[in-house]
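# Geometric and topological summary
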Amino acid sequence: MTDTPPHDSSTDSTPPSPSLADATRAQATQIGLILAIGSLFSLLLVAQVSLAPQVQSETELRHSSTVLADMQEIQADRGVVADGAGGQASVLRMGDSYPTYLILAQPPGPYGTLDTEDAGRLTVTGATATNPSAADHFAGDPIAGETTALEYTPGYHQYDAPTTRLAQGVLTEEYGDHAEPIAGGEVVDGRNLNLVWTTGDIATGQTKPLTLRTERLSAADRAIRVEQSTDATPIRVRFETTLSERRWRELLAAELDEETTPAAPAYDGDGRYVTGIEKTDGTLTVSLETGVSYRLDMAKVGWRTGHQPGFPDDSEPEPAYLATDDRTPVVAEETTTTLTARVADGYANPQPDVPVTASVETDGRLAGGATSRDRLSAGDGTVTFEYTAPEITRPTNEASEQTERVRVTLPDASGGDDDPRVVVFEIRVQNTHD
C-alpha cells in the first residue's frame, strides 16, 4: 500500500487581497476628479463674475438703442396726428431679458418707466388774426395752455443710460441736468409757426412691450394768418425747456436772422424771421420779425396706453368762436342764398356736432319760412342756413338796396356783435324792379 502525500495548502488558487497601495491610488483618482470638477466650476464662476456685468451692459445698451428708435416712432406719430391724420399706435419695448446661458442667478432684465410730465405752458403773445371773424377771438391776447412731456426712464443694472424725453416736438436724451437733442422739431419754419400742445396721464413701469396711442384732440385743420398786434411789439413764442439756449440756437440756426434783434425786429427781406432766442429761468423765448404776417398752425394731441379708455373731459377743447368768410353777401330780392359759418375751438380748428342757432333780425326768412333755426355743425365745423331775401317795397329805384340781418350764435353766447361766439350776417338785398 502506497502512502498518499500530505496536502500543501500553499498551492491553493485563492486570489490575493488588495494591497494598501492599490486602495490609495483609487482614492487619489476620485479626489483628483472631484478637484478637477471643482476647479472647472470655480473657473466658470470666476469667468461669469467677470463676464456677467459686460453681458448685462451690452444687453442694456442694445435695449437703450431700441427705446430710442421706438420713441422716434412716437415722435413721428405726434407730428402726423397734429397735421390731421387719425390716431396712431406705436409699440414701445419697455424692457428686455439677459442671456439664459449664464450659471449664476440673474437679476431682473432691463426695464423702464414711461410717464407724462408737466412741461409748463406753451404761449404765443402779440398775435392778432387777420381774418375778421377769427380776429374777434385772436385779438392780441396771449394764446396759452398747459402742455406735457413724455419720458422714458430706464431701470438698468450696469449701463448708465439717459432718460429719453419728448417735449415741444424735440426728442432729447437727458443725463441729470444735461440734455442733448436727438431729433428736432419745427416750432418755427420760415413764416410758419407750428405749435402743438400735448396731454396725457401715463405712469407705468414694466418689461413687456407697451402699446402707446397718439390721438388727436384738435388737429391743425386750418391755419390762421396772424400779424403783430402793435407796431412796437413782435410776436413771441414761449415755452419751458430742458435744452440749453445754445442747443436751441443750433436747432433754429436756419431761421435765425443775425441782422435783426428783438429790440430792432423790423422785417429785412432775407427770408429769416427769428430775431432772438433767449432762455431765462427755464423758459425759452423766440421773438419774430415785425412787418410781416405768419401762418399759425395749432393742434392738441393726447397720449394714452392701450389699456386706457380715453381722456378726461377737460382734455377736449371747447367751441370757442364762429368764423365766416363773407359777412356781407349780396343777393337779389326774393332769392335764396346760403349763409355759412364755421365753429372752431381755441386752436382755430373745427368743432363738429355743436348746436348753432340762426335768427332773422329784420326781414326775410330761413328755410321753411322760419325766423329761427337750430342746426349741428358738420365734421369740418361748418354749419349752413338757407336764407330767402324779402321783396323790396316800391317806390324805389333800380340801384337801391337794403340791408337785412341774420344773427348766428353758439350756446351761451352773450349776444353782442363783438362776441366771438356770434356772427352777424349783414345781407345786402338788391332791388330788381325796372
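Residues numbered from 1 in each chain as written. Predicted model: local features only at pLDDT ≥ 70, side-chain atom pairs only at ≥ 80, totals over all residues. Heavy atoms only, no water.

Counting secondary structure elements, the protein contains three helices and 25 strands. Here the analysis covers contacts within the protein between residues at least 6 apart in sequence; of these, 69% occur between residues at least 24 apart. In the structure as shown, the protein presents an accessible area of about 22300 Å², 49% of it carried by carbon and sulfur atoms. (Helix = DSSP H or I, 4+ residues; strand = E, 2+ residues; numbered from the N terminus. Contact = heavy atoms within 4.5 Å. Areas by Shrake-Rupley, 256 points an atom, 1.4 Å probe, with all protein chains shown as cover.)

As a further point, take unusual backbone geometry. The phi dihedral of Asp353 falls on the positive side, at around 60°, and the residue is not glycine. The exposure class assigned to Asp353 is exposed, which follows from its relative accessible area of 58%. Of note in the backbone geometry, Asp412 takes a positive phi value of approximately 65° without being a glycine. Mapped onto the secondary structure, Asp412 falls in the loop between β24 (401-409) and β25 (422-430). On the basis of relative accessible area, Asp412 is assigned to the exposed category, the value being 71%. (Buried < 20%, exposed > 50% of the residue type's maximum accessible area, 1.4 Å probe, protein only.)

Within the fold, Thr207 resides in the loop between β10 (203-206) and β11 (210-218). Taking the relative accessible area as the measure of exposure, Thr207 reaches 39% and is therefore partly exposed. Separated by 111 residues in sequence, Thr207 and Asp96 place their C-alpha atoms 6.2 Å apart. Beyond its immediate stretch of four places on either side in the chain, Thr207 contacts Met94, Gly95, Asp96, Gly109, Pro110 and Tyr111.

Let us now look at the sheet that holds β24. The strands making up a sheet are joined through hydrogen bonds of the backbone, oriented either antiparallel or parallel. Pairing within the open sheet is mixed, and its five strands lie in the order β18-β25-β24-β20-β22. Here the strands that pair on one side only, and so sit at the sheet edges, are β18 (330-332) and β22 (372-376). Averaged over neighbouring strand pairs, the angle between their axes works out to 30° when direction is ignored. Bridge analysis of strand β20 (residues 355-360) against β24 gives four bridges, and the strand direction is antiparallel. Note on β24: the bridge partner recorded for Thr357 is Thr409. (Pairing = 2+ DSSP bridges. Axes fitted to C-alpha atoms, helices over the stretch in contact; angles between N-to-C directions.)

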